[in-house]
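# Structural overview for review
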Amino acid sequence: MKNVLSAVQPTGDLHIGNYFGAIQNWVRLQDEYNCTYGVVDYHSMTAPYQADKLRENTWKMVFQLLATGVKPENLFIQSLIPEHTELSWILSCVTSYGEMTRMTQFKDKSEQIAGKDKSAFISAGLFMYPVLQAADILMYRADYVPVGKDQEQHLELSRNIAQRFNHQFGREYFAHPEPLFTATPKIMSTAEPTKKMSKSLGEKHYINVFGEEARVRKQIRSAVTDAGDTPDGTMSPGVKNLFEILKACEATEVYDSLMQDFKNGTLRYGDLKPAVADVLVGVLNPIRERYQEILGNRKATKELITASSWEIRKRAQKTLKEVRSIVGLPKLRY
Ligand code: AMP
Ligand code: TRP
């Protein structure tokens, strides 16, 4: 069976863009592949953060992923497997400084952190972030990595690192991981539907997967639908986004019937919005209920994921044992 690996940073609440764009796919892939998913807390140390908040958000992301249907035995917390940092160091020595300087996300993120402040602190960790990501991927011999388009360059780097390692040490040790781009839609902001839904845009712009039903309904009711409406009958971005949400929820009949209305020129937003809200809360309610159950069971869930991380760590240790031998380090007792 082929190996799949993906990971997410513990950033707080998941929004429906994250869910429909990525996590829903993670859950489905579990039926077909040998999947391993990580909450990458080491990666979240690369930008300024608060220690307590990081730990809190790490567990929160674990609980939320479990609520969406990620299987506990497939889930690990990155820092519970310190081999990730060790492999990252080893891989950094087969990565050229030049290729690191070409990583566009570093440029974007460092500009985001600094804003206009030329003297802002940018960590070397942020610069090295893609090598740690390559370590996550290569550690478990991933064949496929389900990610968004924005991660394409990091995946290419992971393949280059694998290739250079194999070449330098004269053996085909690491697999060549391929990205698996999700066919699932790009969900746009409900307040400004020309922009991608994102937490950084502010509260009005994203729908929290774990928000109360009344709030989800209200956000769909107040979703911008008329901005950019064109007289020639093409669909405005806001209406298109609502249809995308229907599609992501697999509400085929509702989708087809409302789309027919649109084509006939008889679609009323007064009909579209409640229909989308009904379908969406139908998908989100069970997830929120599972989340509440998990929150009521925090202690046992933490133990469960500490244990699954420990099991997954054994695979990481096997990799490190082999890698240490290949690169010329002394034997370590595990
Ligand atoms: P982020 O925390 O923004 O890095 O996102 C985590 C995952 O969700 C990544 O795989 C993204 O590609 C995906 N994602 C984020 N925002 C959206 C969106 N608005 N629509 C679809 N997918 C998204
Ligand atoms: N860099 C990824 C992001 O920003 C998160 C990530 C870390 C990741 N390690 C990974 C994704 C390994 C896929 C595989 O979304």
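Residues numbered from 1 in each chain as written. Chains lettered and ligands numbered in written order. Predicted model: local features only at pLDDT ≥ 70, side-chain atom pairs only at ≥ 80, totals over all residues. Heavy atoms only, no water.

## Some thoughts on the site of ligand 2
Test applied: Here, proximity means that at least one heavy atom of the residue falls within 4 Å of the molecule or strand. In the analysis that follows, any N or O atom pair within 3.5 Å is treated as a polar contact, provided that within protein one partner can donate a hydrogen and the other can accept it, and provided that, for residues neighboring in sequence, both atoms belong to side chains. Secondary structure elements follow DSSP: runs of H or I no shorter than four residues count as helices, runs of E no shorter than two count as strands, and numbering proceeds from the N terminus. Note on residue categories: nonpolar means Ala, Val, Leu, Ile, Met, Phe, Trp, Tyr, Cys or Pro, charged means Asp, Glu, Lys or Arg, and polar means any other residue, Gly included.
Taken together, Leu-5, Ser-6, Ala-7, Val-40, His-43, Tyr-129, Gln-133, Asp-136, Ile-137, Val-145, Val-147 and Gln-151 make up the full set of residues near ligand 2. Measuring from a nitrogen atom of ligand 2, one finds a side-chain N or O atom of Tyr-129 at 2.8 Å. Between ligand 2 and the protein, one listed contact pairs a nitrogen atom with a side-chain N or O atom of Gln-151 at 3.2 Å. Per-element tally for the shell around ligand 2: the top contributor is helix H6 (residues 124-139), with 4 residues. Its residues assigned to classes, the shell around ligand 2 comprises 7 nonpolar, 4 polar and 1 charged.

## As for helix H5 (residues 104-114)
Applied cut-off: Relative accessible area decides the class of each residue, using a 1.4 Å probe on protein chains only: under 20% of the type maximum gives buried, over 50% gives exposed, and in between gives partly exposed. Picture the helix axis, draw a direction to every C-beta atom, and the arc is the one those directions span. Two residues form a contact once any of their heavy atoms are found within 4.5 Å.
Of the residues making up H5, those classed as buried are Gln-105, Ser-110 and Ala-114. On an axial view of H5, the arc spanned by its buried residues comes to 150°, and they lie on one face. Exposed and oriented more than 90 degrees from the buried face of H5 are Glu-111 and Gln-112. Looking at the buried positions of H5, the neighbouring elements they touch are H6 and helix H7 (152-168). Following H5 by one or two positions, Gly-115 adopts a phi angle in the positive range, close to 60°.

## Some remarks on the pattern of salt bridges
So the rule is basically this: Any carboxyl oxygen of Asp or Glu that lies within 4 Å of a side-chain nitrogen of Lys or Arg is treated as forming a salt bridge with it.
Across all of its chains, the model carries 19 salt bridges by this definition. In this structure, the salt-bridge partner of Asp-13 is Lys-60, at a minimum N-O distance of 3.4 Å. Separated by 47 residues along the polypeptide, Asp-13 in the loop between strand E1 (3-8) and helix H1 (16-29) and Lys-60 in helix H2 (residues 51-68) bring together distant segments of the chain. Relative accessible area serves as the criterion here: at 18%, Asp-13 is assigned to the buried category. Put simply, Arg-141, Lys-318 and Glu-322 are held in one network by salt bridges that share partners.

## Some words on the site of ligand 1
Which entries qualify depends on this criterion: Working definition of accessibility: Shrake-Rupley area with a 1.4 Å probe, residue cover restricted to the visible protein chains.
Near ligand 1 you find His-15, Gly-17, Asn-18, Gly-21, Ala-22, Gly-148, Pro-185, Lys-186, Ile-187, Lys-196 and Met-197, and these make up its full shell. With respect to ligand 1, the backbone of Ile-187 contributes an N or O atom lying 2.7 Å from a nitrogen atom. Within the backbone of Met-197, one N or O atom sits 3.0 Å away from a nitrogen atom of ligand 1. Protein burial of ligand 1: of its 480 Å² of free accessible surface, 72% is covered by the chains. The residue makeup of the shell around ligand 1, split by class, is 4 nonpolar, 5 polar and 2 charged.

## Quick notes on the domain arrangement of the chain
Size of an interface, as often reported, equals the accessible area lost when the parts are brought together. The criterion, for reference: Throughout the structure description, domain borders are defined by an automatic or database domain assignment. Each of two parts loses accessible area, computed with a 1.4 Å probe, when they are put together; buried area is these two losses added.
Under the domain assignment, the chain is made up of domain 1 (3-184 + 298-327) and domain 2 (199-293). In this structure, domain 1 and domain 2 have C-alpha centres spaced 31 Å apart. Surface buried jointly by domain 1 and domain 2 totals about 1400 Å² across both partners, of which 65% is contributed by carbon and sulfur atoms. Per-residue buried area on domain 1 facing domain 2 is highest for Ile-16, Phe-20 and Ala-67; these three make up 39% of the total on that side. If you look at where domain 1 meets domain 2, you find 1 salt bridge. As a salt-bridge pair, Arg-28 and Glu-250 come within 3.2 Å of each other at their nearest N and O atoms. Our count for the domain 1 to domain 2 interface comes out at 7 residue pairs in polar contact (both at pLDDT 80 or more). Of all elements in the fold, only H1 and H2 reach the threshold of two or more residues within the side of domain 1 that touches domain 2. Per-class residue counts for the side of domain 1 that touches domain 2 are 6 nonpolar, 6 polar and 3 charged.

## So, empty space enclosed by the protein
In plain terms, the rule: Both site types are read off a 1 Å grid over the protein atoms alone. A 1.4 Å probe that fits but cannot get out defines a cavity, while an open set with protein on both sides within 12 Å along at least five of seven lines defines a pocket; lining residues have an atom within 4 Å of a point. Grid points are joined across faces, edges and corners, and a volume is the space filled by probe spheres set on the points.
Enumeration according to the criterion identifies 1 cavity of 30 Å³ or more in this entry. What the largest cavity holds in volume is close to 60 Å³. Lining of the largest cavity is provided by Met-103, Gln-105, Phe-106, Lys-109, Leu-126, Phe-127, Tyr-129, Pro-130 and His-154. Of all elements in the fold, only H5 and H6 reach the threshold of two or more residues within the lining of the largest cavity. Looking at the lining of the largest cavity element by element, the count peaks at 4 residues for H6. Considered class by class, the residues forming the lining of the largest cavity number 6 nonpolar, 2 polar and 1 charged.

## Structural notes on the packing of aromatic side chains
This is how it is decided: Between 30 and 60 degrees the pair is tilted, below 30 it is stacked and above 60 it is edge-to-face, where a pair is any two Phe, Tyr or Trp rings, Trp via its six-membered ring, whose centres lie within 6.5 Å.
Inspection of every chain in the model, using the stated rule, returns 13 aromatic pairs. Pairing Tyr-33 with Tyr-144 gives two aromatic rings, centres 5.6 Å apart and planes at 65°, and the pair type is edge-to-face. Here Tyr-33, found in the loop between H1 and strand E2 (34-39), pairs with Tyr-144, found in strand E4 (residues 144-147); they are 111 residues apart in sequence, far enough to count as distant. With relative accessibility at 23%, the residue Tyr-144 sits in the partly exposed group. Measuring from ring centre to ring centre gives 5.5 Å for Phe-243 and Tyr-255, while their planes differ by 85°; the resulting arrangement is edge-to-face. In this pair, Phe-243 is assigned in helix H9 (residues 237-248) and Tyr-255 in helix H10 (residues 252-264), connecting sequence segments 12 residues apart. One aromatic cluster is present, formed by Phe-165, Phe-169, Tyr-173 and Phe-174 through successive ring pairs.

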